[in-house]
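Below are the chains, spelled out letter by letter.
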Amino acid sequence: MIWNKRNEKLKSASSMSFDGLNKVEVKEATIGSIVAISGIADIHIGDTLCGGENPEAIPFQKISEPTIAMNFIVNDSPLAGQEGKYITSRHLRDRLYRELNTDVSLRVEDTDTTECFKVSGRGELHLSVLIENMRREGYEFAVSKAEVLYKYDENGKKLEPMELAYIDVPDEFTGAVISKLQQRKGELRNMGSIAGGYTRLEFHIPARGLIGYRVSQTYKGNGILNTMFDGYEPYKGEIAYRATGSLIAFESGEAVTYGLFSAQERGTLFIGPGAKVYSGMVIGQCSKAEDIELNVCKKKHLTNTRSSSADEALTLVPPKVLSLEQAIDFIDTDELLEVTPESLRIRKKILDPTLRKRAGFKKN
């Protein structure tokens, strides 16, 4: 017989230890051993299991509270339900709440609508791991841009989560890192040389200043970034994330070479010929600070003077295929990331161009 910290008497069916990758049933385990106990239904992370002679609970270790939140939304795009196995709000809700059984830093909240759930975690990586796991399990859904969780003091002053960021980069990139993070409201606290021609930088920076910052991708894959939660402080002011707009598909269909050739002059494309698109879907990054709608399904009209090799002369720049982390970083506040087991698509929250423009006018 064993007791948990709530003074409940429980009975274990068996205790298992690990021998390599295999589980072996054992009658006892020594200090430091990792064991698996079966037969106890109502058990939670942080519970203390002990014998009946001296039932004394071990103090629960403090867990860092969430600082970043995203909305997980039922996918309602024109291509919804074509690639995923689990697509309904019930599937999505059950999976998110089941994650709470094993992830103590995660928070899941219902919203005003049954189609949307607010999920909070310790950072972009924390939430992106959950998204990738769900994607591999066959779930299809959409997520919003990551946003920090603010607090307010007794005087109504806005507070935001802060992080201590430790960055190891080659000496030649030190100036670039300092400049970039200072633009994101970071304060350099300390710097010093370490082995191998590297410099270690210590920054005190708002958590939102690290959203979308990828030190390893920026500095030839040699940067290393570690962060630690450092409390809440007064709001540091606005931070500019994206200086460019989006290229948006004007109509639904299949992207063709002729339409993509005209579109690539406006920016960087995320799709290639044959990709399925729909009105309101983001197909690339605009080179200017504005959104532009393009018809990438447009085909060249047949004429009497058309050369048989006309289409062969069109050369497309290879599209930029975004990873999950890159796509999460790219999306703006008026956009969503559509996640399926097979595809990642960026879209506008409002697909209809007329309604989207009206919403933009109201916001401005």
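Residues numbered from 1 in each chain as written. Predicted model: local features only at pLDDT ≥ 70, side-chain atom pairs only at ≥ 80, totals over all residues. Heavy atoms only, no water.

Observations concerning the environment of Y213
Rule in force here: Put simply, DSSP H or I for four residues or longer makes a helix, DSSP E for two residues or longer makes a strand, and each gets a number counted from the N terminus.
Locating Y213 in the fold gives a position in the loop between β14 (198-206) and α4 (215-218). For Y213 and Y241, which are 28 residues apart along the polypeptide, the C-alpha to C-alpha distance reads 9.5 Å.

Comments concerning the nonpolar core
Stated formally: Residues enter a nonpolar core if they are buried and are Ala, Val, Leu, Ile, Met, Phe, Trp, Tyr or Cys, with the set joined through side-chain atoms within 4.5 Å. Burial classes: relative accessible area under 20% of the type maximum marks a residue as buried, over 50% as exposed, and values in between as partly exposed (1.4 Å probe, protein chains only). Should any heavy atoms of two residues lie within 4.5 Å, those residues are counted as being in contact.
In this structure, F72, L96, I131, F141, L337 and I346 are the most contacted members of the largest nonpolar core, which totals 32 residues. Counting residues per element, the ones that place at least two in this core are β6 (68-73), α1 (89-99), β8 (116-121), α2 (124-136), β9 (141-144), α6 (324-330) and β22 (335-339). In contact with I131, other than residues within four places in its own chain, are M70, F72, F141, V143, L324, I328 and V339. The next biggest cluster of nonpolar side chains, apart from the first, holds 18 residues, and it includes L79, A249, A255 and I283.

Structural notes on a nonpolar patch on the surface
Defined as follows: Nonpolar side chains (Val, Leu, Ile, Met, Phe, Trp, Tyr) are joined into patches within 5 Å and like charges within 9 Å, using only residues with over 30% relative accessible area and no salt bridge. All accessible areas in this document rest on Shrake-Rupley with a 1.4 Å probe, and a residue is counted as covered only by the protein chains that are shown. Just to be clear on terms, a salt bridge is a Lys or Arg side-chain nitrogen sitting within 4 Å of an Asp or Glu carboxyl oxygen.
A contiguous nonpolar patch, built from V35, I37, I43 and L49 and spanning about 280 Å² of accessible area, is present on the exposed surface. Along the chain, the position of V35 falls in strand β5 (residues 35-38). Exposure remark for V35: the relative accessible area of 35% places this residue in the partly exposed category.

Regarding the side chain of E335
The criterion, for reference: The definition of a polar contact used here is a pair of N or O atoms within 3.5 Å, where within protein one atom must be able to donate a hydrogen and the other to accept one, and adjacent residues in sequence count solely through side-chain atom pairs.
Structurally, the position occupied by E335 is in strand β22. The buried category is assigned to E335, whose relative accessible area is 1%. A polar atom in the side chain of E335 sits 2.7 Å from the side chain of S246. If sequence neighbours within four positions are ignored, E335 has contacts with S144, K145, R242, S246, V282, F330, I346, R347, K348 and K349.

Things to note about the packing of aromatic side chains
Rules: Stacked, edge-to-face and tilted are the three classes for Phe, Tyr and Trp ring pairs, Trp counted by its six-membered ring, which pair at centre distances within 6.5 Å; planes under 30 degrees apart are stacked, over 60 edge-to-face, the rest tilted.
For the coordinates displayed, the defined rule picks out five aromatic pairs. Between the aromatic rings of F270 and F330, the centroid separation amounts to 5.2 Å while the plane-to-plane angle is 85 degrees, which identifies the pairing as edge-to-face. One end of the pair, F270, is in the loop between β18 (267-269) and β19 (276-277); the other, F330, is in helix α6, with 60 residues separating them in the sequence. Each member of the pair F270 and F330 is classed as buried.

Observations regarding the pairing of strand β23 (residues 344-348)
The condition that has to hold: Strands qualify as paired when DSSP identifies two bridges or more between them.
Of all five residues that make up β23, four are buried, and the element is covered over most of its length. The sheet contact formed by strand β20 (residues 281-286) and β23 spans two bridges and is antiparallel. Bridge pairing links M281 to R347 in β23. Linking β22 to β23, which pair antiparallel, is a turn of four residues.

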